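Now for the letters of each chain:
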Amino acid sequence: MVGGAGETSYASNSKFQEKALLMTKPVLDDAIGGVYKSLHPAKMVVADLGCSSGSNTFVVMSEVLDVVGDLRRSLQERQEPPEIQFFLNDLPGNDFNHVFRCLGEYKRKVEQEKGNLLVPYYVVGVPGSFYGRLFPRRSVHFFHCSGSLNWLSQVPQGLDTERGASLNNTNIYITETSPPEVVKAYQRQFQRDLSEFLRCRYAELSYEGRLVISFGGRKSNCPTYGQMRHLWGLLAEALNALVLEGMIEEDKLVTFNLPRYAPSMEEVKAVIHGDGLFDVEEAQVFEANWDAFDDSDDDSAAFDSDLSGKNVSKYVRAAVQPLISEQFGDAILDELFARYAANVSRHLLQQKTKHSVFVISLKKKNESHLTAG
Ligand SMILES: C[S@@+](CC[C@H](N)C(=O)[O-])C[C@H]1O[C@@H](n2cnc3c(N)ncnc32)[C@H](O)[C@@H]1O
């Protein structure tokens, strides 16, 4: 993600993710309430994985503080309020400085809003990959992870030909023309990563602990027919145009693939059930227009396709700019994303496309059940 609070930063271009968080809020609140009611922990430990930097970083903290505060009032609890420890995790390259610079203002705001009803809380940053262990055994009561599991731990292995080019040719993600080996490599990488993620969280969660994950999914069971093939296909089209005009080298494009994947719900459930570590409490699918600023339900055309193209291009840039810069250099960025915006706008005029957002609430299975089994 692009750090800071500038025009191209994630902080300034995360409206879509904010909307997705809002859609998943009822599931999130149920899970937080479930943990609190079953454990009543004196010290409650909550970790947000892939927190990024921007206003969304504080959404989970606010939800936990609201839900726990409201439950204490409705249950008329008289004992001391719990103390809540929040861990904000992301990769080491995340702009944690920006997060902690904004934390003071966040704290002032919630103190003003809640006064002495505010549950005491403490915030710590945890840099590291969530595809490995981050916390001691059975030390966390609740995990949240939104918009992050689409990022694979690496570009899938097995995409290279003997001559060093990609089997995926000038595509950068799965498309209709991707060979089956490419599709399988992406699927295998996603399955391995999700399975590892769940294994780590299982070890770190306390008894009765819960985990809510949400991310972009695919409605179609067929991996070559997801909406993502358009989102990334249109970016590949812009990159190919720059190759034709000599602005980037073809070699750079044929060795570039995105470490991202959007699974079907069936694929996700197969991993969860295959590992047998969690019970699925809730699994829902929401849909939202590609352009988060377009709230219209009319599927026939985008409200303003030029504006929508630009809006989509901005949040895609905020997400993938670091990868694009590393492969192709900084000089092409403005031109690339202007062309991408035009491609998206053309696409939305033909077909107003939506993202599918999956939200899944998981409860840790009893450890004795596993050892007995
Ligand atoms: C789209 S942002 C989502 C941020 C925030 N949760 C939200 O909903 O707005 C995805 C975040 O996941 C982080 N991420 C990707 N892979 C990760 C990994 N293996 N471990 C930790 N964070 C990761 C990225 O750095 C990025 O900040």
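Residues numbered from 1 in each chain as written. Predicted model: local features only at pLDDT ≥ 70, side-chain atom pairs only at ≥ 80, totals over all residues. Heavy atoms only, no water.

- In the nomenclature of an unreviewed UniProt entry, the protein is known as (wild Malaysian banana) hypothetical protein of Musa acuminata subsp. malaccensis.

### What about the environment of V359?
Part 1 of the reasoning: Along the chain, V359 turns up in strand 7 (residues 354-364).
Part 2 of the reasoning: Residue classification places V359 among the buried residues on the basis of a relative accessible area of 0%.
Part 3 of the reasoning: Along the chain, V359 and G216 lie 143 residues apart, while their C-alpha atoms are 9.0 Å from each other.
Part 4 of the reasoning: The contacts of V359, once residues within four sequence positions are left out, are T24, V27, V212, I213, S214, E282, A283, Q284 and F286. (Helix = DSSP H or I, 4+ residues; strand = E, 2+ residues; numbered from the N terminus. Buried < 20%, exposed > 50% of the residue type's maximum accessible area, 1.4 Å probe, protein only. Contact = heavy atoms within 4.5 Å.)

### Here's the deal with the packing of aromatic side chains
Part 1 of the reasoning: Under the criterion given, the structure shown has 14 aromatic pairs.
Part 2 of the reasoning: Seen from their ring centres, F256 and F328 are 5.2 Å apart, and the 65° between their planes marks the pair as edge-to-face. With F256 in the loop between helix 6 (250-254) and helix 7 (265-275) and F328 in helix 8 (residues 305-328), the pair connects residues that are 72 residues apart, well separated along the chain.
Part 3 of the reasoning: You can call F256 buried: its relative accessible area is 5%.
Part 4 of the reasoning: With a relative accessible area of 11%, F328 lands in the buried category.
Part 5 of the reasoning: Consider the rings of F337 and Y340, whose centres lie 6.3 Å apart with planes at 85°: the pair is edge-to-face. Of the two residues, F337 and Y340 are both situated in helix 9 (residues 333-350); the distance of 3 residues between them amounts to about one turn of the helix. Neither residue differs from the other here; F337 and Y340 are each classed as buried.
Part 6 of the reasoning: One aromatic cluster is present, formed by Y173, Y186, F190 and Y261 through successive ring pairs.
Part 7 of the reasoning: Of note, K107 hangs over the ring of Y121, and the distance from its end group to the ring centre comes to 5.7 Å. (Phe/Tyr/Trp six-rings, centres within 6.5 Å; stacked < 30°, edge-to-face > 60°. Lys NZ or Arg CZ within 6 Å of the ring centre and 35° of its normal.)

### Some details on the layout of surface pockets
Part 1 of the reasoning: Estimated volume of the largest pocket: approximately 1100 Å³.
Part 2 of the reasoning: Considering the residues around the largest pocket, the lining is formed by 47 residues, among which M1, G147, S148, W151 and R260 are closest to the centre.
Part 3 of the reasoning: The set of elements that each furnish at least two residues to the lining of the largest pocket consists of helix 1 (15-39), strand 2 (83-90), strand 4 (140-146), strand 5 (205-217), helix 5 (228-244), helix 8 and strand 7.
Part 4 of the reasoning: No other element matches helix 8, which puts 6 residues into the lining of the largest pocket.
Part 5 of the reasoning: Roughly 370 Å³ of internal volume is contained in the second largest pocket.
Part 6 of the reasoning: Forming the boundary of the second largest pocket are 15 residues, of which S55, F58, S62, Y106 and K109 lie nearest the centre.
Part 7 of the reasoning: Those elements giving two or more residues to the lining of the second largest pocket turn out to be helix 2 (59-74) and helix 3 (96-114). (1 Å grid on protein atoms, 1.4 Å probe; cavity = no way out; pocket = protein on both sides within 12 Å on 5 of 7 lines; lining within 4 Å. Points joined across faces, edges and corners; volume = space filled by probe spheres on them.)

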